[in-house]
Amino acid sequence: MHLLWLKALHLVGAFLWLGTSIGVALVAAAAAGDQRAPVAALARRVALRIATPGLVLAFAGGLTMLALSWDLYARAGWMHGKLLLVVIAAGLHGAISGKLRKMAGGAEVGGLAGLAYAYVAILVLVVIAVLLGPVLIPARAG
């Protein structure tokens with residue numbers, strides 16, 4: 001029963017983290033001119049209040065499930081791939097947060113197109129991570 005609660009915690013955290021990261025990246029990238037700094041400040045506050053706690057929940061739930069079922073996942077190659085994708089998504093979250101911090105401070109930030117497309121990268125990572133494991137790599141019979 002506790003694994004179901006951990007899975008729920010993990011999934012709720014992942015939805016909050018990744019959904020908010022995608023949203024703030026889109027909003028911040030769309031801001032232009034005089035509105036860029038205030039919009040970035042708002043997007044940063046939303047990211048800090050929703051996406052970052054979601055990241056913590058997703059990691060806490062996921063790593064606890066991994067630790068409790070280590071014998072099941074230790075040799076599962078798909079789990080290693082999934083963990084790599086999560087680390088990359090966390091890095092994108094950090095990159096988005098850094099750009100938002102600079103933009104909120106009024107600094108001219110280059111590469112806003114990259115910020116706009118960070119959500120696509122996060123979305124692709126999430127889809128692949130969800131499909132990894134039992135979906136793409138079925139369990140061996142016997």
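These lines cover the structure that appears in this document, whether it is placed above or below. (Residues numbered from 1 in each chain as written. Predicted model: local features only at pLDDT ≥ 70, side-chain atom pairs only at ≥ 80, totals over all residues. Heavy atoms only, no water.)

1. Some details on the overall build of the protein chain
Alright, step 1. A tally of helices and strands in the protein chain yields five helices and zero strands.
Alright, step 2. Ordered by position from the N terminus, the helices and strands of the protein chain form the series α-α-α-α-α.
Alright, step 3. By its C-alpha atoms, the protein chain is 65 × 25 × 15 Å across when sized along the principal axes.
Alright, step 4. Buried positions account for 32% of the 142 residues belonging to the protein chain.
Alright, step 5. Within the protein chain, counting contacts between residues at least 6 apart in sequence, those at least 24 apart form 81% of the total.
Alright, step 6. Total accessible area computed for the protein chain in this model is approximately 8500 Å², and 72% of it derives from carbon and sulfur atoms. (Helix = DSSP H or I, 4+ residues; strand = E, 2+ residues; numbered from the N terminus. Buried < 20%, exposed > 50% of the residue type's maximum accessible area, 1.4 Å probe, protein only. Contact = heavy atoms within 4.5 Å. Areas by Shrake-Rupley, 256 points an atom, 1.4 Å probe, with all protein chains shown as cover.)

2. Side note on the packing of aromatic side chains
Alright, step 1. Throughout the structure, instances matching the rule amount to two aromatic pairs.
Alright, step 2. The interplanar angle of 90 degrees and the centroid separation of 5.7 Å between the aromatic rings of Y73 and W78 together place this pair among those described as edge-to-face. (Phe/Tyr/Trp six-rings, centres within 6.5 Å; stacked < 30°, edge-to-face > 60°.)

3. Considerations on the environment of A31
Alright, step 1. Turning to its location among the elements, A31 is positioned in the loop between α1 (2-30) and α2 (36-68).
Alright, step 2. Overall, the relative accessible area of 7% leaves A31 in the buried class.
Alright, step 3. If we ignore the near neighbours within four places in the chain, the residues touching A31 are R36 and V39.

4. Let's talk about the nonpolar core
Alright, step 1. Ranked by internal contacts, the top residues of the largest apolar core, which has 25 residues, are W17, L18, V24, I96, L100, M103 and L115.
Alright, step 2. Taken together, the elements giving at least two residues each to this core come down to α1, α2, α4 (77-104) and α5 (112-131).
Alright, step 3. Per element, the largest residue contribution to this core is seven residues, and it comes from α1.
Alright, step 4. Beyond its immediate stretch of four places on either side in the chain, V24 contacts A43, V46, A47, I96 and L100. (Core = buried A, V, L, I, M, F, W, Y, C linked by side-chain atoms within 4.5 Å.)

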